Amino acid sequence: MKKMTDEELQQWLENNPPLTQSELTDEETRAYSALFEALNEEPDGGLPFDFAANVTRHVQAEAKRGSELKRYLMNAFWFLLASSAAVALIGLRSHDSTNLLLQNKWIIGFCIIGFCVIQGLDEKLTLSRLFKK
Amino acid sequence: MFNEREVVSRILKGDMPAFTLLVKQYERLVFHVINRLVKDDDDVADICQEVFIKVHKSLERFQFESKLSTWIARIAYLTAITHLRKHQRQRTDSMNEDIENIHFTTEDPETLLNKKQTAAYVDQLIKQLPEQYRTVVTLYHLNEFSYPEIAAITKMPEGTVKSYLFRARNVLKSKLEVYFKNEAL
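First things first, this report covers the structure right here in the doc. (Residues numbered from 1 in each chain as written. Chains lettered and ligands numbered in written order. Predicted model: local features only at pLDDT ≥ 70, side-chain atom pairs only at ≥ 80, totals over all residues. Heavy atoms only, no water.)

**Observations regarding the side chain of Ser-69 of chain B**
All names here are of chain B. Note on placement: Ser-69 falls in helix H4 (residues 68-87). In this structure Ser-69 comes out as buried when scored by relative accessible area, which is 10%. Look past the residues within four positions of Ser-69 in its chain and what remains in contact with it is Glu-4, Tyr-26, Leu-29 and Phe-145. (Helix = DSSP H or I, 4+ residues; strand = E, 2+ residues; numbered from the N terminus. Buried < 20%, exposed > 50% of the residue type's maximum accessible area, 1.4 Å probe, protein only. Contact = heavy atoms within 4.5 Å.)

Encoded structure:
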């Protein structure tokens, strides 16, 4: 092989198969040839065998969490709407019942919020145990 | 035969086995990019997972303006760069670093006698190059992207990609020349 510049040698090796022993006429050619072979070889190591399955499981869990959150919010909305309607109806029939509900509004509100928080924490704990290594 | 459009269409309809297929198709690509850019081996699998989660979330915005592999490689590259920026204590990697004068810290290459060891030695050297050089070498040789594709992934001009690749190979070649000279003595 005629003597080539660095750039010519690199371009030649990009577009041609690896050089044979007889073509490795000087140190530079030999080094470039060995370098290109090494660069094209995959390094050791890799991802775990079940990587794809783990990623899919993770994505599914996130999607499920998102749709369940929407479901909880919708349930809470309908519950509040139904409760408000019930209170309004009770109020129409009797002022005493309405006053009783309004006096205990913080306790009733705390119970509803506490219930939702417990549900959410339970969901989180279940999922964290599911992905625990 | 992996049909990009068909797989993407199925994933967007909620077909999770199709997504698993996509991950299996491109996990090596993503691993090569992340493994070369991120120096902490413990983080590699987590970052690869993060890449595919981002792929899943963004898939509906992918309009086949490029190959799916190019798009995924771009996400992997950006995720790796974000990780590097967050965790770098010292800015040892810099685009402006003088690659010709870089100081490599490696084991004595006189012990490397065969091709497998040469490849491992070259891999060690590559991990010490500045991040832009590591990226173009990996994308070109391991992932077999073309110059225009690498330019699209890294948002570097094509001329810069070629220049970085040429300079990185030149520096690596010089290290191997020293090794072969020592072997001959």
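**Concerning the packing of helix H6 (residues 131-142) of chain B against helix H7 (residues 147-154) of chain B**
All names here are of chain B. Interaxial distance between H6 and H7 falls to 10 Å at its minimum, and their mutual angle equals 135 degrees. One element, H6, and the other, H7, form an angle in the oblique class. Two packed elements cross with a definite hand, and for H6 against H7 that hand is right-handed. Across the interface between the two elements, Thr-135, Val-136, Leu-139 and Tyr-140 of H6 pack against Tyr-147, Ile-150, Ile-153 and Thr-154 of H7. Here the residues of the contact of H6 with H7 are counted per class, giving six nonpolar, two polar and no charged. (Axes fitted to C-alpha atoms, helices over the stretch in contact; angles between N-to-C directions. Parallel < 35°, antiparallel > 145°, perpendicular 65-115°, else oblique. Left-handed = near helix turned anticlockwise from the far one by under 90°. Nonpolar A, V, L, I, M, F, W, Y, C, P; charged D, E, K, R; others polar.)

**Looking at unusual backbone geometry**
In terms of backbone geometry, most residues other than glycine have negative phi values and most peptide bonds are trans. All names here are of chain B. In this structure, Glu-144 takes a positive phi of about 55 degrees despite not being glycine. Positionally, Glu-144 belongs in the loop between H6 and H7. In this structure Glu-144 comes out as exposed when scored by relative accessible area, which is 66%. Here the phi dihedral of Lys-155 falls at roughly 60 degrees; this positive angle occurs in a residue that is not glycine. Overall, Lys-155 belongs to the exposed group, its relative accessible area being 59%.

**Structural notes on the interface of chain A and chain B**
Listed per partner, the contact involves 33 residues of chain A and 42 residues of chain B. In total, about 3400 Å² of surface goes out of reach between chain A and chain B, with carbon and sulfur atoms giving 64% of it. Between Lys-173 of chain B and Glu-28 of chain A there is a salt bridge; the shortest N-O distance is 2.9 Å. Summed over the shared surface of chain A and chain B, the number is eleven residue pairs in polar contact (both at pLDDT 80 or more). Class assignment of the residues belonging to the side of chain A that touches chain B gives a composition of 13 nonpolar, eight polar and twelve charged. (Buried area = accessible area lost by both parts, 1.4 Å probe. Salt bridge = Lys/Arg side-chain N within 4 Å of Asp/Glu carboxyl O. Polar contact = N/O pair within 3.5 Å; in protein donor to acceptor, adjacent residues only side chain to side chain.)

**So, the nonpolar core**
Buried together is how nonpolar side chains tend to be arranged in soluble globular proteins. Residues and elements named next belong to chain B. One finds Phe-19, Leu-22, Val-30, Ile-34, Phe-52, Leu-68 and Leu-176 to be the most contacted residues of the largest nonpolar core, which totals 80 residues. Broken down by element, this core gets its largest block of residues, twelve residues, from helix H2 (residues 16-37). Setting aside residues up to four positions removed in sequence, Val-30 forms contacts with Cys-48, Val-51, Phe-52, Ile-72 and Ala-76. (Core = buried A, V, L, I, M, F, W, Y, C linked by side-chain atoms within 4.5 Å.)

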